[in-house]
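Residue-level listing of the chains:
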Amino acid sequence: MGSATDTTGTSSSSTTIVSPSILKKIILSYTYVAIWIFLSFTVIVYNKFILDKKLYNWPYPISLTLTHMGFCSSVAFLLVRVLHVVDLPSSMTPRLYLSSVVPIGALYSLSLWLSNSAYIYLSVSFIQMLKALMPVAVYSIGVLFRKDAFKSSTMINMLAISFGVAIAAYGEAKFDTWGVLLQLGAVAFEATRLVLIQILLTSKGINLNPLTSLYYVAPCCFVFLLLPWISVELPLLKENSTFHFDYFVFGTNSSCAFALNLAVFLLVGKTSALTMNVAGVVKDWLLIAFSWSVIKDTVTVVNLFGYGLAFLGVAYYNHLKLKALGEKEAAERKDEEGEDEEGGGLLDQKERDETTRKNESEG
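Presented here is a report on the structure given in the accompanying data block. Note that the coordinates shown come from a computational prediction; the quantities given were computed from them, not determined experimentally.

Thoughts on the pattern of salt bridges
And step 1. Applying the stated criterion to the full structure yields 3 salt bridges.
And step 2. Between Lys283 and Asp284 there is a salt bridge, with the nearest N and O atoms lying 3.9 Å from each other.
And step 3. The exposure class assigned to Asp284 is buried, which follows from its relative accessible area of 8%.

Set out below in structure tokens:
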């Protein structure tokens, strides 16, 4: 009796012990998530501070985004071409750059431009609620480009998320139609960019690390932003005689944007896009709480109820993706084990045949 109890206790305790390698992976994953949430939180609040007319009062979203991309391009060029921190992929040709990277850069510039513009008209909390539509946009565009298969159950889930966001918008105290259209446009462009990354880059076997991604994409974004900046905001900046470039404010802001870009690629590369989606939900709740308690944005009960519905829809969507990913990995492991068993069977048969021939020759 006693020995049986001891054995059971020993086996149960051994199963609860996590190996150092797994523990290290868990700690690193949470560290990547925490870094991304902190930097994303910082950039969003910092951009809101600069663009809001009631705060820093510098309502030039194209100029701000152009500054970010110019800074990112310069630092990426220095690290890649001068210091040779990383090597560039040999598979990236000029033709591939024009056909793959340029469209992605154009969409990224539009997404950043519109999302930064929305901070002039909308509160931080309401913008985060509208961003809950991202899975809806990614899935819809994925189906349109035949990257994802249409499923009625998934579409019902997408409609539920949209319904929750619609309720949150209905309860918004400072609703601005133009601001909402800007943010919805940013979501659409960003979703298209994510789908194109899968189609244009992943399908062609091009793996970009955080630095090489910025090295290729940031200059492209800078060029696309330069055209509207010259025609729209440059004349306004010339008329603004009181403007002076604050190197500390824009330098630190651009540094945060550069670090965030690296953190995005690092998080996805070291964990997965699904992990980033789940972390994004946590970040959104933190931003809503921060904007309500610190910035003093008005958050209504209807706001929270609507976003709560959207949040449940997004959580369920992430759960389904995680389940599908687990089933896929299990199927791959099963196939690998089957191949190993088949290979072992062939070896056993070969050994038996050799033994038979040896016995016959001896006989």
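Describing unusual backbone geometry
And step 1. Residue Asn57 is not a glycine yet carries a positive backbone phi of 60 degrees.
And step 2. Following the sequence through the fold, Asn57 ends up in the loop between α2 (20–51) and α3 (61–82).
And step 3. With phi around 55 degrees, His84 is a residue other than glycine that occupies positive phi space.
And step 4. With respect to the helices and strands, the residue His84 is situated in the loop between α3 and α4 (94–121).
And step 5. Residue His84 is classed as exposed on the basis of its relative accessible area, which comes to 55%.

Observations concerning the environment of Ile167
And step 1. Relative to the helices and strands, Ile167 resides in helix α7 (residues 152–170).
And step 2. Residue classification places Ile167 among the buried residues on the basis of a relative accessible area of 16%.
And step 3. Sequence separation between Ile167 and Gly308 is 141 residues, and the spatial gap between their C-alpha atoms is 9.9 Å.
And step 4. Apart from residues lying up to four places away in sequence, Ile167 is in contact with Val302, Phe305, Gly306 and Leu309.

Points about the packing of α2 against α4
And step 1. Where α2 meets α4, the closest approach of the two axes is 9 Å, and the angle between their N-to-C directions is 60 degrees. The orientation of α2 with respect to α4, classified from their angle, is oblique. For the pair α2 and α4, the sense of crossing is right-handed. Every residue of α4 that contacts α2 at Ile44, Asn47, Lys48 and Leu51 is listed here: Asn116, Tyr119 and Ile120.
And step 2. Here the contact of α2 with α4 is composed, by residue class, of 4 nonpolar, 2 polar and 1 charged.

Description of the packing of α4 against helix α9 (residues 210–239)
And step 1. Where α4 contacts α9, the axes come no closer than 8 Å and their chain directions differ by 60 degrees. Classified by the interaxial angle, the pair formed by α4 and α9 is oblique. You can see that α4 and α9 cross each other, and the crossing is right-handed. The segment α4 lies against α9, with Tyr97, Val101, Val102, Gly105, Ala106, Tyr108, Ser109 and Trp113 engaging Tyr216, Val217, Cys220, Cys221, Phe224, Leu225 and Pro228.

Quick word on the packing of aromatic side chains
Think of a pair of aromatic rings as described by two things: how far the centres are apart, and how the planes are tilted against each other in angle.
And step 1. All chains considered together, the criterion is met by 14 aromatic pairs.
And step 2. Seen in terms of ring centroids, Phe126 and Phe175 are 6.2 Å apart; in terms of plane orientation they differ by 55 degrees. Their pairing is tilted. Taken as a pair, Phe126 in helix α5 (residues 124–130) and Phe175 in the loop between α7 and α8 (177–201) lie far apart in primary sequence, 49 residues in all.
And step 3. Classification of Phe175 as partly exposed rests on a relative accessible area of 42%.
And step 4. Aromatic pair Trp285 and Tyr307: ring centres 4.9 Å apart, planes at 65 degrees, arrangement edge-to-face. Linking Trp285 in helix α11 (residues 273–293) with Tyr307 in helix α12 (residues 301–362), this pair joins segments that are 22 residues apart in sequence.
And step 5. For Trp285, a relative accessible area of 31% translates into the label partly exposed.
And step 6. Owing to a relative accessible area of 3%, Tyr307 belongs among the buried residues under this scheme.
And step 7. Taken together through their ring pairs, the aromatic side chains of Tyr46, Phe49, Tyr56, Trp58, Tyr60, Phe245, Tyr247 and Phe250 make up a single cluster.
And step 8. One residue, Arg193, lies across the ring of Tyr108, its end atom 4.3 Å from the ring centre.

Each value, and the rule that gives it
Residues numbered from 1 in each chain as written. Predicted model: local features only at pLDDT ≥ 70, side-chain atom pairs only at ≥ 80, totals over all residues. Heavy atoms only, no water. Salt bridge = Lys/Arg side-chain N within 4 Å of Asp/Glu carboxyl O. Buried < 20%, exposed > 50% of the residue type's maximum accessible area, 1.4 Å probe, protein only. Helix = DSSP H or I, 4+ residues; strand = E, 2+ residues; numbered from the N terminus. Contact = heavy atoms within 4.5 Å. Axes fitted to C-alpha atoms, helices over the stretch in contact; angles between N-to-C directions. Parallel < 35°, antiparallel > 145°, perpendicular 65-115°, else oblique. Left-handed = near helix turned anticlockwise from the far one by under 90°. Nonpolar A, V, L, I, M, F, W, Y, C, P; charged D, E, K, R; others polar. Phe/Tyr/Trp six-rings, centres within 6.5 Å; stacked < 30°, edge-to-face > 60°. Lys NZ or Arg CZ within 6 Å of the ring centre and 35° of its normal.

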